[in-house]
Amino acid sequence: MIIIFLAHCTNPERKKDSTHDRTELVPEPDKNLREEYEKKQDISEITQTLNTFFMNYKSRLETVNMNLLSKDLATLITQAIAKEKSEALKTANGSDPTEKPILLEGDIFTSEYEGAEQFVLDSIIVEGEMARAILEFKNSKFKLNWFDEVVLIKQERWLIDNVVFKSSTPEYPSTKAILEAFISHKD
């Protein structure tokens, strides 16, 4: 009977892949195929997130699907909803209860106040854990067509982190800028 103990084996053909923080054998013949597959998966998930969000969002905070937003953006939405409720209560209990409370008005997820009736995904660029999607929005009632850029980040899955406004010259450059200004607004 022969017993062989292998105390420590080293393979000179191993290397550290710093982008994925793992050790892999060299060469990896299917690495390009794997990366192409992962990119297609990312684009598919991003497309699904955008479609689900914009098909269901109706230009009101109450219709925002918080599960499709980054933690940062969801926190801003929650703070804005609380501010609207606080302002409505303050106005109702104030000296002139018929006065209009401070509210977020108009569509905050597109650069046009009236909002969109339709959207078409124009392009997606994935850069690591961040992606930028260009969407073309349409509002036939007001005869408007425009493009905005949706910024997504990967937090376990792809989530909307901001919308950068590309149409005309909006008062604020993005969804987050609108929310931050509203939340910090003092009478």
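Whatever comes next refers back to the structure up there.
Residues numbered from 1 in each chain as written. Predicted model: local features only at pLDDT ≥ 70, side-chain atom pairs only at ≥ 80, totals over all residues. Heavy atoms only, no water.

J.: Where do I start with the overall build of the chain in this structure?
T.: Along its length, the chain carries three helices and six strands. Expressed as a percentage of the 187 residues in the chain, the buried residues total 34%. Of all intrachain contacts in the chain linking residues separated by at least 6 positions in sequence, the fraction that spans at least 24 positions is 45%. (Helix = DSSP H or I, 4+ residues; strand = E, 2+ residues; numbered from the N terminus. Buried < 20%, exposed > 50% of the residue type's maximum accessible area, 1.4 Å probe, protein only. Contact = heavy atoms within 4.5 Å.)

J.: Sorry if this is basic, but what is going on with the packing of aromatic side chains here?
T.: Where two aromatic rings form a pair, the distance of their centres and the angle of their planes describe that pair. Evaluation of the coordinates by the stated rule reveals eight aromatic pairs. Residues Phe-53 and Tyr-57 carry aromatic rings whose centres are separated by 5.5 Å and whose planes lie at 15 degrees to one another, so their mutual orientation is stacked. Comparing Phe-53 with Tyr-57, the two get one shared label, buried. Seen from their ring centres, Phe-119 and Phe-137 are 6.5 Å apart, and the 45 degrees between their planes marks the pair as tilted. Note that Phe-119 is positioned in strand β3 (residues 118-127) and Phe-137 in strand β4 (residues 130-139), a separation of 18 residues in sequence. Given a relative accessible area of 1%, Phe-137 falls into the buried group. What links up through ring pairs into an aromatic cluster is the set Phe-53, Phe-54, Tyr-57, Phe-109, Phe-119, Phe-137 and Trp-146. (Phe/Tyr/Trp six-rings, centres within 6.5 Å; stacked < 30°, edge-to-face > 60°.)

So yeah, pure geometry; function would need other evidence.
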